[in-house]
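# Coordinates in review
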Amino acid sequence: SARDLQILAQQVRTLYAQLPVSVPTQVVGAALLAAAMWGQVPRGTLVTWFIVLCAFQLSRLVLYWAYQRHGMRGNDEIKRWRAWWAVGGGVSGLIWGSTGVVMFVPDSPTHQAVLIVALLGIATGAITVIATDVVAFYLFTSGVMAPVLLRTAWEGGTAYLFLAAIGAVVLAGILACGRNLSKALAGSLGMYYQNLELIEELKAQ
């Protein structure tokens, strides 16, 4: 419906408005995570991962600049810009999630706990940044957390299984919070546009 498209357009605007803040935040977070794992993971692996993340975040800024330049000029473009953002969010999540494999420290539940906590922090931060669009939120958050939880569980042993189980429970809570927030925001936008229509009708009368 026309109102659904209005709501979707505003959700897309909100997503793109977050990029100038989320990109540098992710770069700083990546640097801190690499520093925390320095000495436990091969330096070449850490440097390569950090470069890949920075390069992709730069592409997100390029997408933002393209969006600012062209804008949304029709219904098809609304969906296209949303799809570009969601796909990019999913890839960004997988880059973060790859740390669960490339930065896994065998026989060190402590370092694994640090990694899981860091990634849960990234996933939790996504609630306020991208939960406006639940699809983009699910893609990003699942990409961030699924690899590290699966790799931790695969390691076996009581400590690792508990870490994976706790992480999975927290992830389920994060996904539920994001879904609920997305519904609440969509409902608020729907009421906003409905009120605008009522005001216009009253003016006409």
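Residues numbered from 1 in each chain as written. Predicted model: local features only at pLDDT ≥ 70, side-chain atom pairs only at ≥ 80, totals over all residues. Heavy atoms only, no water.

## Concerning the overall build of the protein chain
Heads up, the rule is: Helix and strand labels come from DSSP, where a helix needs a run of H or I of at least four residues and a strand needs a run of E of at least two; each type is numbered from the N terminus. Residue burial is assigned from relative accessible area. The probe radius is 1.4 Å, only protein chains are included, and a residue is buried under 20% of its type maximum, exposed over 50%, and partly exposed in between. When checking whether two residues touch, look at their non-hydrogen atoms; a contact exists if any pair is within 4.5 Å.
If you tally the helices and strands in the protein chain, you get seven helices and zero strands. Along the three orthogonal principal directions, the C-alpha set of the protein chain runs to about 75 × 35 × 20 Å. For the protein chain, buried positions account for 38% of its 205 residues. Residue pairs in contact within the protein chain that sit at least 24 positions apart in sequence constitute 77% of those at least 6 positions apart.

## What to know about the confidence of the model for the protein chain
What counts, and what does not: pLDDT: the predictor's confidence for each residue, scored from 0 to 100.
For the protein chain, the mean per-residue pLDDT works out to 82, and 96% of the residues sit at or above 70. The lowest-confidence element of the protein chain is helix 7 (residues 158-204), averaging 77 in pLDDT; the highest-confidence one is helix 2 (residues 43-70), averaging 91.

## So, the nonpolar core
The test is simple: By nonpolar core is meant a set of buried Ala, Val, Leu, Ile, Met, Phe, Trp, Tyr and Cys residues that side-chain atoms within 4.5 Å join together.
Tyr16, Met37, Trp49, Trp96, Met103 and Met145 are the most contacted members of the largest nonpolar core, which has 44 residues in total. For this core, the secondary structure elements donating two or more residues are helix 1 (2-37), helix 2, helix 3 (75-97), helix 5 (109-130), helix 6 (134-155) and helix 7. Top contributing element to this core by residue count: helix 1, with 10 residues. For methionine 37, the contacting residues outside a window of four places in its chain are Leu46, Met103, Val105, His111, Val114 and Leu115.

## Notes on the layout of surface pockets
Put simply, the rule is: Using only the protein atoms, space was sampled on a 1 Å grid; points where a 1.4 Å probe fits but cannot get out form cavities, open sets with protein on both sides within 12 Å along at least five of seven lines form pockets, and lining residues are those with an atom within 4 Å of a point. Grid points are joined across faces, edges and corners, and a volume is the space filled by probe spheres set on the points.
Its boundaries defined by the atoms lining it, the largest pocket holds a volume of some 310 Å³. Together, 20 residues line the largest pocket, and Ser22, Gln26, Ile122, Val129 and Phe140 are the ones closest to its centre. The set of elements that each furnish at least two residues to the lining of the largest pocket consists of helix 1, helix 2, helix 3 and helix 5. In terms of residue count, helix 1 provides more of the lining of the largest pocket than any other element does, eight residues in total.

## Some remarks on the packing of helix 3 against helix 6
For clarity, the cut-off: Orientation is described by lines fitted to C-alpha atoms, with helices fitted over the stretch in contact, and by angles between N-to-C directions that extend from 0 to 180 degrees. In this scheme, roughly parallel covers angles under 35 degrees and roughly antiparallel covers those over 145, while 65 to 115 is roughly perpendicular and the rest are oblique. By the definition used in this description, the sense in which the near helix is turned from the far one sets the handedness, with an anticlockwise turn below a right angle giving left-handed and a clockwise turn giving right-handed.
The geometry of helix 3 relative to helix 6 is characterised by a closest axis approach of 7 Å and an angle of 15° between their N-to-C directions. Between helix 3 and helix 6, the crossing angle belongs to the class labelled roughly parallel. Our pair here, helix 3 against helix 6, has a crossing hand that is right-handed. Of the residues in helix 6, those in contact with Arg82, Trp85, Ala86, Gly89, Gly90, Ser92, Gly93, Leu94, Trp96 and Gly97 of helix 3 are Val135, Ala136, Leu139, Phe140, Gly143, Val144, Pro147 and Val148.

## What to know about the packing of helix 2 against helix 3
Between two packed helices, what matters for the description is the angle formed by their axes and the separation of those axes. Going by this rule: Asp, Glu, Lys and Arg are counted as charged, while Ala, Val, Leu, Ile, Met, Phe, Trp, Tyr, Cys and Pro are counted as nonpolar; the rest, among them Gly, fall into the polar class.
Packing of helix 2 against helix 3 leaves a shortest axis separation of 10 Å and a crossing angle of 170°. On the basis of the axis angle, helix 2 is roughly antiparallel to helix 3. The interaxial crossing formed by helix 2 with helix 3 has left-handed handedness. Taking contact as the criterion, the partners of Trp49, Val52, Leu53, Phe56, Gln57, Arg60, Leu63, Ala66, Tyr67 and His70 in helix 2 are, on helix 3, Trp81, Trp84, Trp85, Gly88, Gly89, Val91, Ser92, Ile95 and Trp96. For the contact of helix 2 with helix 3, the per-class residue count stands at 13 nonpolar, five polar and one charged.

## Digging into the side chain of glutamine 26
To be explicit about the condition: Nitrogen and oxygen atoms within 3.5 Å of one another constitute a polar contact, given that in protein one can donate a hydrogen and the other can accept it, and given that sequence-neighbouring residues count only through two side-chain atoms.
Within the fold, glutamine 26 resides in helix 1. Within the local environment of glutamine 26, its side chain forms a polar contact with the side chain of glutamine 57, the two groups lying 3.3 Å apart. Those residues in contact with glutamine 26, other than ones at most four positions away along the chain, are Leu53, Gln57, Ser92, Trp96 and Phe140.

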